Amino acid sequence: MTFDFPSPEATAALARRFPPGFAWGVATSSFQIEGAAHEDGKGESIWDRFCRVPGAIADGSSGDVACDHVHRLEEDLDLIAALGVDTYRFSVSWPRVQPTGSGAWNARGVDFYRRLVDGLRARGIAPMMTLNHWDLPQALQEQGGWAARETVHRFVDYAIGLQRAVGGHCATITTHNEPWVMAVLGHEMGIFAPGLKSRAVALQVAHHLLLSHGLALQALRAESAKAELGIVLNMSHAVPATDSEADRARAVLDDGTALRWYCDPLFRGRYPDDVLAHVGADAPVVQHGDMAAIATPMDYLGINNYSRHVASAGAPWVAGSSGLPLTEMGWEIHAPSLTALLLRVHRDYAPKKMLVTENGGAFPDAVGDDGRVLDVDRTRYLFDHIGAVADAAEQGAPMAGYMVWSLMDNFEWASGYAKRFGIVHVDYATQKRTPKASADWYRGFLGQVRRGGD
Ligand code: FCB
């Protein structure tokens with residue numbers, strides 16, 4: 001499959017479709033970029049532990065060094081500013097600021113995030129802070145982790161502590177990144193930390209994540225938080241592989257377990273009946289008042305989207321059978337499904353505001369002799385998906401922002417360092433950062449958005 005760079009005219013035309021005030025950014029997460037895993041009083045996280053399980057990470061790597069971001073904060077802040085973005089989405093490593101997840105806070109860890117947030121603001125960039133992007137303190141895991149109801153209360157205390165430390169300087173606070181991934185990949189499929197394999201546990205984990213989200217929102221509002229508050233969900237538009245009755249039923253069920261299981265409680269205060277019937281005795285224990293807490297109104301919904309979901313009841317669906325090009329993750333590239341997804345969420349749940357908080361692609365980038373990375377495939381991906389967001393906005397979805405995943409190449413969880421999502425290339429041997437052609441395109445595009453498409 002060959003792609004071309006978007007033309008200047010097409011880029012300008014896309015820029016004209018976005019209003020002033022729309023938030024444009026890049027996203028990262030703590031474990032994937034920070035490194036400094038055992039320094040300055042940081043506690044162990046479940047991902048530090050999981051990386052040491054033989055075979056857990058494809059290339060046998062860990063987050064010990066990652067992009068060495070903790071030691072390169074000023075350089076990375078300048079890198080972010082040079083992109084011309086107005087928002088930076090990052091996450092806080094809970095064990096860096098509160099090593100065991102309860103009790104004492106670590107002043108050196110808190111200081112790092114103060115410098116990050118202050119450094120962003122000094123450069124005119126709005127900080128969008130995520131409280132939990134998966135790196136739970138290992139000490140809490142040893143007390144049951146997210147399967148234990150007590151962790152909900154630990155999270156609320158952590159949220160309050162961060163609000164007092166840095167929250168007042170953040171434009172946006174997100175409670176959790178992708179509860180489905182933590183619950184299902186981490187506790188049912190066992191391919192992400194903490195590596196457990198039980199559907200019943202996964203559903204209890206999901207319930208506790210949702211509950212802690214709602215209670216944290218209430219606690220943050222009681223602290224008079226000024227930031228906009230919400231959650232980030234991973235979502236894909238589900239379509240049946242064929243028109244058969246079985247595949248269509250499967251698409252409804254997959255959408256139920258992945259999307260409605262989270263959106264129905266958050267926006268309607270109840271779990272979907274068809275999925276409850278499907279999971280039977282694996283359904284979570286729900287206490288009186290939980291559902292109302294989960295449905296605490298949010299200021300925005302963040303949506304992470306990479307691909308569409310093709311549902312197949314029979315033989316496992318093989319990505320690529322539809323003839324669509326794939327990213328290096330094996331995910332189909334299908335931008336119109338992002339429009340369909342955004343319109344559907346708007347129609348069914350009516351969030352006040354919607355942001356695409358992650359979107360991007362891993363591609364086999366080649367560094368040329370001149371040191372440049374001409375990632376035309378990633379640039380095209382971003383162009384097409386930003387267009388899909390514009391389509392949804394023009395059809396009524398309350399779109400308020402778009403963040404590229406990711407600022408720079410980083411630790412891609414169980415895939416290790418082989419999969420590169422950055423618009424900035426990282427040479428892990430030297431830690432040299434080199435903006436790719438996609439970064440140059442994004443900077444140019446954002447300049448045109450600011451100038452109204454001129
Ligand atoms: C999302 C994660 C993010 C990144 C991308 C590729 O599920 O939130 O950390 O790994 O996938």
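So, here's what we can say about the structure.

Basis of the calculations
- Just so you know, the residues in each chain are numbered from 1, in the order the chain's sequence is written.
- Only residues with pLDDT of 70 or above have their local features reported here, since the model is predicted, and side-chain atom pairs are shown and tallied only from 80 upward, although totals for entire chains, interfaces and linings are computed over all residues.
- Excluded from the side-chain calculations are hydrogens and water; all other atoms, namely the structure's heavy atoms, are used.
- Where helices and strands are cited, they refer to DSSP runs of H or I of at least four residues and of E of at least two residues respectively, numbered from the N terminus.
- Using C-alpha atoms as the atom set, the radius of gyration is obtained and then compared with a globule rule of 2.2 Å times the number of residues to the power 0.38.
- The cut-offs for exposure are 20% and 50% of the maximum accessible area for each residue type, with area from a 1.4 Å probe on protein chains only; residues under the lower value are buried, those over the upper are exposed, and the others partly exposed.
- For the area figures, the Shrake-Rupley method with a 1.4 Å probe applies, and any residue is considered shielded solely by the protein chains shown.
- Note on terminology: pairs of cysteine sulfur atoms within 2.5 Å are recorded as disulfides.
- Near residues are defined by distance, with any heavy atom within 4 Å of the molecule or strand qualifying the residue.
- Here a polar contact is taken to be a pair of N or O atoms separated by no more than 3.5 Å, where protein atoms must pair a possible hydrogen donor with a possible acceptor and residues adjacent in sequence count only if both atoms sit in side chains.
- Classification used: nonpolar for Ala, Val, Leu, Ile, Met, Phe, Trp, Tyr, Cys and Pro, charged for Asp, Glu, Lys and Arg, polar for all others including Gly.
- Any two residues whose heavy atoms approach within 4.5 Å are treated as being in contact.
- Being paired, for any two strands, means DSSP has found at least two bridges between them.
- When two rings of Phe, Tyr or Trp (its six-membered ring) have centres within 6.5 Å they constitute a pair, described as stacked for plane angles under 30 degrees, edge-to-face for angles over 60, and tilted for the intermediate range.
- For helices, the fitted axis covers only the stretch in contact; all axes are lines through C-alpha atoms, and the angles between them, taken along N-to-C directions, range from 0 to 180 degrees.
- Angles are sorted into four bins: roughly parallel if under 35 degrees, roughly antiparallel if over 145, roughly perpendicular if 65 to 115, and oblique for all others.
- Take the far helix as your reference; a near helix turned counterclockwise from it by less than a right angle gives a left-handed crossing, and one turned clockwise gives a right-handed crossing.
- When a carboxyl oxygen of Asp or Glu is within 4 Å of a side-chain nitrogen of Lys or Arg, the pair counts as a salt bridge.

Turning our attention to the overall build of the protein chain. Summing up its helical and strand segments, the protein chain has 16 helices and 12 strands in all. Against the globule reference of 22 Å for 454 residues, the protein chain gives a C-alpha radius of gyration of 21 Å, in line with a compact fold. Projecting the C-alpha coordinates of the protein chain onto the three principal axes gives extents of approximately 60 × 55 × 45 Å. Looking at the protein chain residue by residue over its 454 residues, the buried ones come to 59%. Carbon and sulfur atoms form 54% of the exposed surface of the protein chain, whose accessible area is close to 16,800 Å².

Right, let's talk about unusual backbone geometry for a bit. In this structure, Pro194 follows Ala193 across a cis peptide bond, with omega equal to 5°. Locating Pro194 in the fold gives a position in the loop between helix H9 (179-187) and helix H10 (199-222). Each neighbour pair has its own omega, and for Trp405 with Ser406 the value is 15°, a cis peptide bond. You can see Ser406 is positioned in the loop between strand S10 (399-405) and strand S11 (424-427). At Ala66, a residue that is not glycine, the phi angle is positive and equals roughly 50°. Among the structural elements, Ala66 can be located in the loop between helix H3 (46-50) and helix H4 (73-82). Phi is positive for Ala350, close to 50°, though the residue is something other than glycine.

What follows covers the state of the cysteines. Each disulfide is one covalent bond, formed between the sulfur atoms of two cysteines. Here the structure, examined in full by the defined rule, presents 0 disulfides. Its sulfur unpaired, Cys51 is 13 Å from the next cysteine sulfur, which belongs to Cys67.

A few words now on the site of the ligand. Surveying the vicinity of the ligand reveals the residues Gln32, His133, Trp134, Asn177, Glu178, Asn304, Tyr306, Glu358, Trp405, Glu412, Trp413 and Phe421. In this structure, Glu412 approaches the ligand through a side-chain N or O atom, which is 2.7 Å from an oxygen atom. Within the complex, 94% of the 290 Å² of free accessible area of the ligand lies under protein. Of the residues that constitute the shell around the ligand, the class distribution is 5 nonpolar, 4 polar and 3 charged.

This part is about the environment of Thr130. Turning to its location among the elements, Thr130 is positioned in strand S3 (residues 126-132). Put simply, Thr130 and Gly422 are 292 residues apart on the chain and 19 Å apart in space, counted from C-alpha to C-alpha. For Thr130, the contacting residues outside a window of four places in its chain are Arg89, Phe90, Ser91, Val92, Thr174, Thr175, His176 and Asn177.

In terms of burial, S3 is largely enclosed, as 6 of its 7 residues are buried. Here 5 bridges tie strand S2 (residues 87-91) to S3, and the two strands are oriented parallel to one another. Across the sheet, the residue bridging to Ser91 is Thr130, located in S3. Bridging between S3 and strand S4 (residues 172-177) involves 4 bridges; their strand directions are parallel. Along S4, the bridge assignment pairs Met129 with Ile173.

On to the side chain of Arg89, then. Summarising the element assignment, Arg89 is placed in strand S2. Using a relative accessible area of 0% as the deciding quantity, one classes Arg89 as buried. In this structure the side chain of Arg89 is engaged in a polar contact, spanning 3.0 Å, whose partner is the side chain of Glu358. For Arg89, the residues in contact, after removing those within four places along its chain, are Val26, Ala27, Thr28, Met128, Thr130, His133, Asn177, Val232, Asn304, Thr357, Glu358 and Met403.

Another aspect to go through is the packing of aromatic side chains. Throughout the structure, instances matching the rule amount to 36 aromatic pairs. Seen in terms of ring centroids, Phe267 and Tyr349 are 5.6 Å apart; in terms of plane orientation they differ by 40°. Their pairing is tilted. Of this pair, Phe267 sits in helix H11 (residues 245-268) while Tyr349 sits in helix H14 (residues 336-349); the two residues are 82 residues apart in sequence, bridging distant segments of the chain. Judged by relative accessible area, Phe267 falls into the partly exposed class, the value being 26%. Taking the relative accessible area as the measure of exposure, Tyr349 reaches 7% and is therefore buried. For the ring pair Tyr306 and Trp331, a centre distance of 5.4 Å and an interplane angle of 55° mean the geometry is tilted. Taken together, the residues span a long stretch of sequence, with Tyr306 in the loop between strand S7 (300-304) and strand S8 (309-311) and Trp331 in the loop between S8 and H14 at a distance of 25 residues. Tyr306 gets classed as buried once you look at its relative accessible area, which sits at 12%. Ring-pair connections join several aromatic residues into one group, and the members of that group are Phe31, Trp47, Phe50, Trp134, Phe192, Phe411, Trp413, Tyr417 and Tyr428.

Right, let's talk about the packing of helix H1 (residues 8-15) against helix H16 (residues 437-450) for a bit. Look at H1 against H16: their axes get within 8 Å of each other, and the N-to-C directions meet at 50°. Judged by the inter-axis angle, H1 sits oblique to H16. H1 and H16 meet at a crossing whose hand is right-handed. In this structure, H1 contributes Pro8, Thr11, Ala12, Leu14 and Ala15 to the contact, and H16 contributes Trp441, Phe445, Gln448 and Val449.

Looking now at the pattern of salt bridges. For the structure shown, the criterion picks out 41 salt bridges. Here Arg17 makes a salt bridge to Glu394, at a shortest N to O gap of 2.7 Å. Of this pair, Arg17 sits in the loop between H1 and strand S1 (23-27) while Glu394 sits in helix H15 (residues 376-394), and the two are 377 residues apart along the sequence. Given the relative accessible area of 31%, Arg17 is considered partly exposed. Salt-bridge contacts for Asp255 lead to Arg260; the nearest nitrogen and oxygen are separated by 3.3 Å. Comparing Asp255 with Arg260 shows no difference in burial state: the two are buried. Residues participating in the shared-partner salt-bridge network are Asp255, Arg260, Asp274, Arg344, Arg347 and Asp348.

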